[in-house]
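Take a look at the letters that make up each chain.
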Amino acid sequence: MVDFAAVKMYLGTVGMGGLLYAMRSKISKSAVLFEVNRSDCRHPFLLRIRSSDVPTYGQIFVHQEYNFSATTQPEVIIDAGANIGLASIYFANKFPHAKIIAIEPEASNFALLKMNVAPYPQIIALQAALWHRNEEIDLIDPGLGKWEKWGFMTEKKGPSENLAGRTCHAVAAMTVDKIMADHNLKKVDILKIDIEGAEREVFSDTSSWIDRVNSVIIELHERMKAGCNRSFYCGSNGFDREWQQGENVFLSRANYLTQSAN
């Protein structure tokens, strides 16, 4: 039976070539790597087909959900929840002089992240999870499906909320201020966060770093973990501008970032 919605999605994001790879993947019952070459990217990169890489690519490069204007060129960007590196690649081409710290906890995503960002010396890849403490925590697969490579959640070791799903592996967790100290960063111009509910913990105490962040781009996951919205807004006071773009909330000091007209 033909899934016309899936056919439309593949054609609209990765074209006929991507659709043919999806058919090949369905026949072989395994993910295949598809190379994307774009005129607005200095280097090609890889997507896993069939997987959630494709809709993620669509959000970032087709629907331009991270499109905005900056009054000055960003020098430091942290991409927390970097997945396979698509947002980092987008930022690296939009702001070629920015230093980008790409953080991803899940092992298979991180392996492809390293491959994708290797041609960009300004992108530093870290296999870690953003958190409110510097410790080892567990990565949980919520069971979204065989082909889904997003939605991984983190939880502390020991007594916890018992998030639904299986434990994938342990991962190092670190705070924003530790990342800044480790990489000698005085400020962060753009803090992009898509960490599947861990924003509740990250924003539970921001006193040591929030004043050194010029802007935040975040996808909130209240549907996955109750308290995310309240924690985020309580921990992000002091920003002057806010708007919604796609699934993301944008915060900016003064007019550092402005919403794109596109």
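For the structure, check the block above.
Here we summarise the structure given alongside this text. (Residues numbered from 1 in each chain as written. Predicted model: local features only at pLDDT ≥ 70, side-chain atom pairs only at ≥ 80, totals over all residues. Heavy atoms only, no water.)

This paragraph deals with the overall build of the protein chain. When you go through the protein chain residue by residue, the secondary structure sums to 7 helices and 15 strands. Overall, the protein chain is about 55 × 45 × 30 Å in size when its C-alpha atoms are taken along their principal axes. Surface summary for the protein chain: the accessible area is close to 12100 Å², and the carbon and sulfur share equals 52%. Looking at charge distribution, the protein chain has the averaged site of its 28 positive side-chain charges lying 4 Å from that of its 30 negative ones. (Helix = DSSP H or I, 4+ residues; strand = E, 2+ residues; numbered from the N terminus. Areas by Shrake-Rupley, 256 points an atom, 1.4 Å probe, with all protein chains shown as cover. Lys, Arg positive; Asp, Glu negative; His and termini not counted. Charge placed at Lys NZ, Arg CZ, Asp CG, Glu CD.)

Now for the pattern of salt bridges. Evaluated as defined, the whole model comprises 9 salt bridges. Close ionic contact of arginine 48 with aspartate 53 constitutes a salt bridge, the shortest N to O distance being 2.8 Å. For the pair formed by arginine 48 and aspartate 53, the shared burial category is buried. What you see here is one network of salt bridges that share partners, running through Glu75, Lys187 and Asp189. (Salt bridge = Lys/Arg side-chain N within 4 Å of Asp/Glu carboxyl O. Buried < 20%, exposed > 50% of the residue type's maximum accessible area, 1.4 Å probe, protein only.)

On the surface, a cluster of nonpolar side chains totalling about 390 Å² of accessible area is made up of Leu11, Met16, Leu20 and Met23. For methionine 16, the location among the structural elements is in helix H1 (residues 4-28). (Patch = residues over 30% accessible without salt bridge, like charges linked within 9 Å, V, L, I, M, F, W, Y side chains within 5 Å.)

Quick look at H1 now. Compared with the 36 Å implied by 1.5 Å per residue over 25 residues, the 20 Å span of H1 between its first and last C-alpha is markedly short. Each element contacted by the buried residues of H1 is listed here: strand E1 (32-36), strand E2 (45-49) and helix H2 (53-62). Trailing H1 by a residue or two, lysine 29 shows a phi angle of about 60 degrees, which is positive. (Expected span 1.5 Å × (residues − 1). Contact = heavy atoms within 4.5 Å.)

Turning next to the sheet that holds strand E14 (residues 248-252). Taken in spatial order, the 7 strands of this open sheet run E6-E5-E4-E11-E12-E14-E13, and their pairing is mixed. The two strands at the open ends of the sheet, each matched to only one other strand, are strand E6 (123-126) and strand E13 (241-245). On average, each strand axis in the sheet is inclined to that of its neighbour by 15 degrees, with strand direction left out of account. Docked against the sheet, helix H3 (residues 86-94) engages strand E4 (76-80), strand E5 (99-103), E6, strand E11 (190-193) and strand E12 (215-218), running at close to 175 degrees with respect to E5. (Pairing = 2+ DSSP bridges. Axes fitted to C-alpha atoms, helices over the stretch in contact; angles between N-to-C directions.)

Here H1 crosses H2 at 50 degrees, and the two axes come no closer than 9 Å. With respect to their mutual orientation, H1 and H2 come out oblique. For H1 against H2, the interelement crossing comes out left-handed. Side by side, H1 and H2 meet where Met9, Tyr10, Gly12, Thr13 and Val14 of the first sit next to Val54, Pro55, Tyr57, Gly58 and Val62 of the second. Looking at the contact of H1 with H2, its residues break down into 7 nonpolar, 3 polar and no charged. (Parallel < 35°, antiparallel > 145°, perpendicular 65-115°, else oblique. Left-handed = near helix turned anticlockwise from the far one by under 90°. Nonpolar A, V, L, I, M, F, W, Y, C, P; charged D, E, K, R; others polar.)

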